[in-house]
Structure formats: C-alpha cells, structure tokens
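Working through the structure, step by step
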Amino acid sequence: MIHTFLLQVFLLLSLIIGITIPAFAGEPQEQLRQTTDKVLAILSDPALKSQNKVKERRELILKVVDERFDWEEMARRSLARHWAQRSPEEKQEFTHLFKELLERVYMDKVEGYSWNKIAYEGEHIDGDYAAVKVKVYTAKDQTIQVEYRTRKKGTQWFVYDFIIEGVGLVNNYRTQFNEIILKSSYQELVKRLKTKSTQN
Amino acid sequence: MKKYNIELAVGLFVLAGIFCLGYLSIKLGKMEIVGGKGYEIYATFSNSGGVKQGSNIVIAGVEVGRVKSISLENYQARIVLSLIQGVKIQEDAIASIKTKGLVGEKYIEITPGGSEKFISPGGRIRETQSSVDLEELISKLVFEKI
C-alpha cells in the first residue's frame, strides 16, 4: 500500500520535473547574454582595436550575431504579405539585402558603443516564443529599453525582431516596404536596397 | 371620445420619443444589442497607453473593430479586440498602439503579416507594441545632443 503510494508520488514528481526541464526558465535570456558577451569581448579586444583591423573585427562580430539572429525570418516578417509572392531565389536575394541593410544601420552603433552596462530584465516564455527585456545604460547615464523577440528552433532561440524604446524593427520595415511596393514595385524596392548597399 | 383620441396621440408621441432616445443612445454609445456579427481576439501590451474601451482598431486606416475590454493580467494590459466578421488577422500580424496626431486619441493599428496561418476567434496576437512615449523620446534626443 505504502509502496504504491510512494510510486505514485515518484511518478508524479518525475512527470512534473520532466515537464519543467525543457521549459527551463532563463534559456533564451542566457543564450542572448552569451551572444552579447561574445560581441563585447570582440569589441574590447585590444588586438583588434587598430584601424586596419576594422574589417576583420566586423566579420568576427557578424559571425557571432549570425548565430543568434534569424535573418530569413526577419526578412519574411518585414516583407509580410509580399513574401509569399516571391520566388525562392528572390527570397534568398532579399534576405541577403535585408541583412546588409541592418548591418549598415546598426554596425556603426555597435562599434561606437558607449554603454556602461547591460541589465537583463527578465523574459517571458510562451511555448516556442520568448521575449527578453534588456536595459542598456549609456555612458551618459541614460537608459535604452530593448526587447528581443525570439523563437525556438531545436535547442537554440533565434531573434526575429527587436523593439528599441517601443519602436519595433519589423513593424517599421514592414510599413516602409509595403509602401514602396504598393507605390511602385518589388523590383523598385530591391533596386533601392542595392543602391544603398553600394553607397557604402 | 375626442379626449381619448388626444391622449392616445400624446401617448404614441411619447413612445416614439422614448424609442428615438433609445436608438440615439445605442448609436452614440456604440453599443451592440444582439452581440453583433464578429469575433474576438486578444493581445497583451506592456503599456495600454490610454487606449479605452471602444477605441478604434484599424488596418491601413480602415476601421475593422473596437476595443471590447481592458484588464490587468500579470502586470500587463490584456486588451480584448472585437473585430468585424471577414477580417482575417495573420498569426504574425503586429498590433501597435498609436496616437492620432500629436495629442489625439489613441487607437490600435494592426499591420498585417505574411503568414498563412490566421488567428482563430479567442486567439492571441503575439506581436504587440505599446504606445511610444513621444515626450520621453524627444527629451532623450534633446539631452543626447547637449
């Protein structure tokens, strides 16, 4: 009698533990923290600080960021309704151009960073999706709120959107791309992205 | 007999008046008597930013529904959106709280997504953006410049 009771308790416990382990709290936040720490380590590496190492440093940072960011998902969400109409080649090309655009916009900000510390303010997990809140304290004692939206693929959480001070990246580009495509065409959007990338 | 006729006319007139008042209050109050045709979905925002019950929900500037209720859930604002039938919302659509003009009323804008999956009645819009505090943003910009 007692044995069956113990067995039941044991089964119940293992069930609870079995359920909670895959949904281990802190996973998306931890993975994001690792990526950020790697980028910070590259930025503060004295061996990479000289002028002629700029390109090398950029490539190193990009490699780290690539592991955490799902560029295709970001591009897909930004193009929204127009994504389905594109051919696989066009999708690939667009993802590449979109990545280049983000690189141009954010690389300078990352490289010229002047923040004091980054505080991780918790996460909200909902199935395969999670939002991680981060607060960046700048050298001028201001705070910048950043929220990462991540999605789980296998054991890794990939960023597909981020929101800075309440302004979302995907939402911003979705509105802009939609306007350009409706006013002219998808080809025009690609042309604009290409000319922008050659300017740099 | 004549007196009776006058009383009947007055009674009918009063009844008509009450009916008009009722109609007006329903129209102006934007109430729905028989539930209305439509469906509900919900979204959680970290800040409702002044959206009220009855606030507009728009897609591309076209009204597609109204805010049914706002409540606090887990220290976040849970907003129930009542949408008109036939308007399908993709699973990756983004709901954001916006302001009409600089100081106008708040409304919720839905930016359609590209997913083939649609949110079923009672479902949730996962991607949300709370209202942007313009004043705060401007002050940040100003102080950054100095």
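Everything in this summary refers to the structure shown in the same document. Just so it is clear, the model here is predicted, and its values are computed rather than measured. (Residues numbered from 1 in each chain as written. Chains lettered and ligands numbered in written order. Predicted model: local features only at pLDDT ≥ 70, side-chain atom pairs only at ≥ 80, totals over all residues. Heavy atoms only, no water.)

Topic: helix 6 (residues 169–183) of chain A
Taking 1.5 Å per residue, 15 residues should reach 21 Å; helix 6 of chain A reaches 21 Å between its end C-alpha atoms and fits that length. Along helix 6 of chain A, the residues classified as buried are Leu-169, Val-170, Asn-171, Tyr-173, Arg-174, Phe-177, Ile-180 and Ile-181 of chain A. (Helix = DSSP H or I, 4+ residues; strand = E, 2+ residues; numbered from the N terminus. Expected span 1.5 Å × (residues − 1). Buried < 20%, exposed > 50% of the residue type's maximum accessible area, 1.4 Å probe, protein only.)

Considerations on the packing of aromatic side chains
If you walk through the whole model with that rule in mind, you get 11 aromatic pairs over all chains. When the centroid spacing of 6.0 Å and the interplanar angle of 90° are considered together, the rings of Tyr-129 of chain A and Tyr-160 of chain A count as edge-to-face. With a gap of 31 residues between them, Tyr-129 of chain A in strand 2 (residues 129–138) and Tyr-160 of chain A in strand 4 (residues 156–164) connect regions that are remote in the sequence. Three or more aromatic residues joined by ring pairs make a cluster, and in this case those are Phe-69, Trp-71, Tyr-106, Tyr-148 and Phe-162 of chain A. The ring of Tyr-120 of chain A is capped by Arg-33 of chain A, whose NZ or CZ atom sits 4.5 Å from the centre of that ring. Cation over ring: Arg-126 of chain B sits above Tyr-129 of chain A, and NZ or CZ is 3.7 Å from the ring centre. (Phe/Tyr/Trp six-rings, centres within 6.5 Å; stacked < 30°, edge-to-face > 60°. Lys NZ or Arg CZ within 6 Å of the ring centre and 35° of its normal.)

Concerning the side chain of Asn-171 of chain A
In this structure, Asn-171 of chain A sits in helix 6. Residue Asn-171 of chain A is classed as buried on the basis of its relative accessible area, which comes to 6%. There is a polar contact of 2.8 Å between the side chain of Asn-171 of chain A and the side chain of Thr-111 of chain B. (Polar contact = N/O pair within 3.5 Å; in protein donor to acceptor, adjacent residues only side chain to side chain.)

Here we look at the side chain of Asp-161 of chain A
Residues and elements named next belong to chain A. Relative to the helices and strands, Asp-161 is located in strand 4. No salt bridge is formed by the buried Asp-161. Its closest oppositely charged neighbour is Arg-149, at 5.2 Å. Polar side-chain contacts of Asp-161 include one of 3.1 Å to the backbone nitrogen of Val-170. In contact with Asp-161, not counting residues within four places along its chain, are Met-74, Glu-147, Tyr-148, Arg-149, Gly-168, Leu-169 and Val-170. (Lys, Arg positive; Asp, Glu negative; His and termini not counted. Salt bridge = Lys/Arg side-chain N within 4 Å of Asp/Glu carboxyl O. Contact = heavy atoms within 4.5 Å.)

Here's the deal with the environment of Asp-92 of chain B
Looking at where Asp-92 of chain B falls in the secondary structure, it is placed in the loop between strand 4 (76–84) and strand 5 (94–99). Sequence separation of Asp-92 of chain B and Pro-112 of chain B is 20 residues, and the distance between their C-alpha atoms is 7.5 Å. Ignoring sequence-local partners within four residues, the contact set of Asp-92 of chain B consists of Arg-76, Arg-77 and Arg-174 of chain A together with Gly-113, Gly-114, Ser-115 and Glu-127 of chain B. From its side chain, Asp-92 of chain B meets the backbone nitrogen of Ser-115 of chain B in a polar contact 3.1 Å long.

Quick look at the nonpolar core
Ranked by internal contacts, the top residues of the largest apolar core, which has 40 residues, are Met-74, Phe-94, Phe-98, Tyr-148 and Leu-189 of chain A. With residues near it in sequence (within four places) discarded, Phe-94 of chain A still touches Ala-75, Leu-79, Trp-83, Phe-177, Tyr-186, Leu-189 and Leu-193 of chain A. If you look at the next biggest cluster of nonpolar residues, it comprises 21 residues, including Ile-57, Val-87, Ile-97 and Ile-119 of chain B. (Core = buried A, V, L, I, M, F, W, Y, C linked by side-chain atoms within 4.5 Å.)

With respect to the interface of chain B and chain A
Counting residues at the interface gives 25 residues for chain B, matched by 21 residues for chain A. Here chain B and chain A share 5 salt bridges between them. For Asp-126 of chain A, the salt bridge is made with Arg-124 of chain B, and the minimal N-O distance between the two is 2.5 Å. At the surface where chain B touches chain A, the tally comes to 10 residue pairs in polar contact (both at pLDDT 80 or more). Every element with two or more residues in the side of chain B that touches chain A is listed here: strand 5, strand 7 (127–129) and helix 2 (134–145) of chain B.

Focus on unusual backbone geometry
The phi angle at Ala-80 of chain A is positive, at roughly 45°, despite the residue not being glycine. Positionally, Ala-80 of chain A belongs in the loop between helix 4 (71–79) and helix 5 (88–111). For Tyr-75 of chain B, which is not glycine, the phi dihedral falls at a positive 60°. As for its position among the elements, Tyr-75 of chain B is in the loop between strand 3 (62–73) and strand 4.

Examining the sheet that holds strand 2 (residues 56–59) of chain B
The strands that make up a sheet pair up through hydrogen bonds in the backbone, lying either parallel or antiparallel. Spatially, the 7 strands line up as an open sheet ordered 1-4-3-2-6-5-7 (chain B), and their pairing is mixed. The open sheet has two edge strands with one neighbour each: strand 1 (38–45) and strand 7 of chain B. Pairwise comparison of adjacent strand axes, ignoring direction, gives a mean angle of 30° for this sheet. With 8 bridges connecting them, strand 3 of chain B and strand 4 of chain B associate as antiparallel partners. Bridging from a neighbouring strand, Glu-73 of chain B pairs with Gln-76 of chain B of strand 4 of chain B. The strands that helix 6 of chain A touches are strand 5, strand 6 (106–111) and strand 7 of chain B; relative to strand 5 of chain B, the one it contacts most, it runs at about 80°. (Pairing = 2+ DSSP bridges. Axes fitted to C-alpha atoms, helices over the stretch in contact; angles between N-to-C directions.)

Looking at the packing of helix 4 of chain A against helix 5 of chain A
Residue and element names in this part refer to chain A. Contact geometry of helix 4 with helix 5 gives a least axis separation of 9 Å together with a crossing angle of 95°. Accordingly, the angle class assigned to the pair helix 4 and helix 5 is roughly perpendicular. Between helix 4 and helix 5, the residues in contact are Trp-71, Glu-72, Met-74, Ala-75, Ser-78 and Leu-79 and Phe-94, Thr-95, Phe-98, Lys-99 and Leu-102, respectively. Partitioned by chemical class, the residues of the contact of helix 4 with helix 5 number 7 nonpolar, 2 polar and 2 charged. (Parallel < 35°, antiparallel > 145°, perpendicular 65-115°, else oblique. Nonpolar A, V, L, I, M, F, W, Y, C, P; charged D, E, K, R; others polar.)

Points about helix 5 of chain A
Residues and elements named next belong to chain A. The terminal C-alpha atoms of helix 5, which comprises 24 residues, lie 33 Å apart, in line with the 34 Å expected from a rise of 1.5 Å per residue. Along its length, helix 5 shows its largest kink, about 35°, at Val-105. For helix 5, the set of buried residues is Glu-90, Phe-94, Thr-95, Leu-97, Phe-98, Lys-99, Leu-101, Leu-102, Arg-104, Met-107 and Glu-111. Of the surrounding elements, those touching the buried residues of helix 5 are helix 2 (27–43), helix 3 (54–66), helix 4, helix 6 and helix 7 (186–199). (Bend = angle between axes of the 7 residues up to and from the residue.)

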